[in-house]
Amino acid sequence: LAKVDPGEAFRASPERLARMKKILDELEKTGERIQELGKGQLAGIFKIDEKYKSVVFVVDRSGSMSSNQALERVKAEMTYGISQLKPEQSFGVVFFDDKFYMMGTQFSLLKATPANAKQVEAWMQQIHPGGGTTPYPAMQVALNANPELIVLLSDGEFGPFNVQQITQNNQAKRDKKCRIDCIGLGEVIVTLHDIAKQNGGVYKMAR
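> I tried to follow helix 4 (residues 114-124) on my own but got confused; where do I start?
For helix 4, the set of buried residues is Asn116, Ala117, Val120, Trp123 and Met124. Projected down its long axis, helix 4 carries its buried residues within an arc of 125°, all on one side. For helix 4, the exposed residues set more than 90 degrees away from the buried face come down to Pro114, Ala115 and Lys118. Buried residues in helix 4 make contact with helix 3 (70-83), strand 2 (90-96), strand 3 (100-102) and strand 4 (110-111).

Below is the structure:
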């Protein structure tokens with residue numbers, strides 16, 4: 001008997017296709033524009049409202065992010081977003097495939113100073129595409145830092161158990177639940193939509 005990956009099974013399911021159409025209809029009704037990356041002007045997908053005093057960007061670096069230089073374009077967007085943060089805000093960045101990748105040996109939020117922004121930008125250049133797509137370990141690192149906001153980006157579906165684990169961790173470990181906004185890159189990512197919906201966030205698309 002072959003082992004079935006629940007993420008693969010979900011990707012192939014009629015339920016997912018129906019959910020994708022429903023989400024697209026929702027985005028169209030709300031007038032949500034699909035952001036275009038790398039068109040000569042940064043789309044601002046990582047622009048953070050100054051009311052959020054702390055944010056963690058959790059970004060997919062799996063093998064599929066090599067297509068059309070997706071990871072490099074996303075890193076450019078993130079560099080721009082970090083540069084627009086106010087000095088009183090703090091931030092962190094975690095990448096993931098089947099594991100997670102952070103700067104240094106212990107994850108902590110950094111003040112949004114030019115020096116810290118430059119340090120993180122240099123570290124991000126060492127991150128390259130590879131591996132699968134399992135966001136939960138990286139999200140656990142992000143949630144343990146107790147930010148007010150997490151922005152999670154991926155270009156592919158993952159096992160639906162990640163949705164449950166992330167939401168349970170968010171609700172169990174904090175007096176005040178963290179808002180989680182999600183960005184689907186290239187297509188409608190149903191599991192990302194569910195994470196945003198269950199954690200007080202919004203779902204957006206970019207390509």
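Anyway, onward from the coordinates.
> Is there a simple way to think about the side chain of Ser90 in this case?
By secondary structure assignment, the location of Ser90 is in strand 2. Excluding residues within four positions of it along the chain, Ser90 makes contact with Lys53, Ser54, Val55, Leu109, Leu110, Lys111 and Ala112.

> Quick question: what am I supposed to make of the pattern of salt bridges here?
Pairs can form between side chains of opposite charge once their charged atoms are near each other. Under the definition given, this model contains seven salt bridges. Between Arg16 and Glu157 there is a salt bridge, and its shortest N-O distance comes to 3.0 Å. Here Glu157 lies in the loop between strand 5 (149-154) and helix 6 (161-173) and Arg16 lies in helix 2 (residues 14-29), a separation of 141 residues in the sequence. By the burial criterion, Arg16 is buried, and Glu157 matches it. Here Arg61 and Asp97 are joined by a salt bridge, their closest N and O atoms 3.0 Å apart. Pair noted here: Arg61 is in the loop between strand 1 (54-60) and helix 3 and Asp97 is in the loop between strand 2 and strand 3, with a separation of 36 residues, a long-range link. Note on accessibility: Arg61 and Asp97 belong to one class, buried. In the salt-bridge network here, residues are joined through shared partners; they are Arg16, Glu157 and Glu187.

Cut-off values and rules
Residues numbered from 1 in each chain as written. Predicted model: local features only at pLDDT ≥ 70, side-chain atom pairs only at ≥ 80, totals over all residues. Heavy atoms only, no water. Buried < 20%, exposed > 50% of the residue type's maximum accessible area, 1.4 Å probe, protein only. Helix = DSSP H or I, 4+ residues; strand = E, 2+ residues; numbered from the N terminus. Arc of directions from axis to C-beta. Contact = heavy atoms within 4.5 Å. Salt bridge = Lys/Arg side-chain N within 4 Å of Asp/Glu carboxyl O.

Nothing here speaks to function; it is geometry throughout.
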